[in-house]
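Take a look at the letters that make up each chain.
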Amino acid sequence: MVKISPSVLTADFLELSESIKRLEEAGVDMLHLDVMDGIFVPNISFGVPVISSIKKHTALPCDVHLMIDKPHRYLKEFAAVSDYLGFHYEAGSDVAETLKEIRNLGCKSCLTIKPCTAPEEIFEYLPLCDMVLVMSVEPGFGGQKFMPEALGKLSALKKEIVDRKLNVLLEVDGGINAETAPLAIKAGADVLVAGNYIFSADDMGARVKEIKAL
Ligand code: DX5
Ligand code: ZN
């Protein structure tokens, strides 16, 4: 069954603990936390203090998506509040060293690629990854349209993971909804990030169950 990692980016932050409670009841698998620095992406979101508060209120694993420049500078701080800690291949840190460091700090490592990056570029790093995240929108904002090019990338990565018998989860992020979720699952996604689609629902719980039933 596909795992769901709701992105809280578009949530009402003053109601976050109530929303997280409802997500827990709905059976989501983790919480996706989008960290943006205004440099790597043209938007600023939140950082360690907010994630630290969220972590105190939930037993759900925190799936932290760093959209920050030179992420190796902040690994220790984020590792302390993350379960999965992901960074961008394009963000200017040594990829292998950063993946190893994340594991050394006790987190699961996740390597993320933007729409401009070909999946083949990261094949060599797969043994150092616990998860790979394929962006299906340009990182920076919630509520964008799914880019169908992501489907081919998911399939190529899935094939490589299966052929090499690696234990790597495949996650997709951006524009997931009732139409795109089944396509992403078919292409090999194990984990779906969904922000707007879940937070815009009248009944978040029902919407999570709908996706899980796909
Ligand atoms: C975009 C973020 C996503 C985004 C998902 O930079 O990484 O996690 O918030 O939101 P939706 O599902 O609304 O595209
Ligand atoms: Zn994200």
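Just above, that's the structure.
In short, a report on the structure. (Residues numbered from 1 in each chain as written. Chains lettered and ligands numbered in written order. Predicted model: local features only at pLDDT ≥ 70, side-chain atom pairs only at ≥ 80, totals over all residues. Heavy atoms only, no water.)

1. A closer look at the layout of surface pockets
Counted as a void, the largest pocket has a volume near 340 Å³. Those elements giving two or more residues to the lining of the largest pocket turn out to be strand 2 (31–36), strand 3 (62–67), strand 8 (191–194) and helix 7 (196–199). Taken together, the residues of the lining of the largest pocket sort by class into twelve nonpolar, 13 polar and three charged. (1 Å grid on protein atoms, 1.4 Å probe; cavity = no way out; pocket = protein on both sides within 12 Å on 5 of 7 lines; lining within 4 Å. Points joined across faces, edges and corners; volume = space filled by probe spheres on them. Helix = DSSP H or I, 4+ residues; strand = E, 2+ residues; numbered from the N terminus. Nonpolar A, V, L, I, M, F, W, Y, C, P; charged D, E, K, R; others polar.)

2. A closer look at the packing of aromatic side chains
Two descriptors summarise a pair of aromatic rings, namely the distance from one centre to the other and the angle between the planes of the rings. Scanning the entire structure with this criterion turns up two aromatic pairs. Centroid distance Phe13 to Phe46: 5.6 Å. Interplanar angle 55°. Geometry classified as tilted. Taken together, the positions of Phe13 in the loop between strand 1 (3–6) and helix 1 (16–26) and Phe46 in the loop between strand 2 and helix 2 (48–56) put the pair 33 residues apart, joining distant regions of the chain. Its relative accessible area of 35% is what places Phe13 among the partly exposed residues. Taking relative accessible area as the criterion, Phe46 reaches 10% and is therefore assigned buried. When the centroid spacing of 6.4 Å and the interplanar angle of 55° are considered together, the rings of Tyr89 and Tyr125 count as tilted. (Phe/Tyr/Trp six-rings, centres within 6.5 Å; stacked < 30°, edge-to-face > 60°. Buried < 20%, exposed > 50% of the residue type's maximum accessible area, 1.4 Å probe, protein only.)

3. Examining the coordination of the zinc ion (ligand 2)
Geometry sets the ideal angles at a metal, namely 109.5 degrees for four tetrahedral donors and 90 or 180 degrees for six octahedral donors. Within the protein, the zinc ion (ligand 2) binds to His32 (NE2), Asp34 (OD), His65 (ND1) and Asp173 (OD); these donor distances fall in the range 2.0 to 2.3 Å. If you look at the zinc ion (ligand 2), its six donor atoms make angles of 69 to 170° with each other, and the shape they trace is octahedral. Read from N- to C-terminus, the donor residues coordinating the zinc ion (ligand 2) fall into the pattern H-x1-D-x30-H-x107-D. Each member of the pair, His32 together with Asp34, is buried. (Donors = N, O, S within 2.8 Å, 3.2 Å for Na, K, Ca; no water. Tetrahedral: all angles 85-135°; square planar, octahedral: opposite > 155°, others 65-115°.)

4. Examining the environment of Tyr84
Along the polypeptide, Tyr84 turns up in strand 4 (residues 84–88). By relative accessible area, which is 13% here, Tyr84 ends up buried. Spatially, the C-alpha atoms of Tyr84 and Val64 are 6.0 Å apart, while their sequence positions differ by 20 residues. Apart from the residues lying within four places of it in its own chain, the contact partners of Tyr84 are Met30, Cys62, Asp63, Val64, Lys108, Met131 and Leu169. (Contact = heavy atoms within 4.5 Å.)

Geometry only, nothing functional implied.
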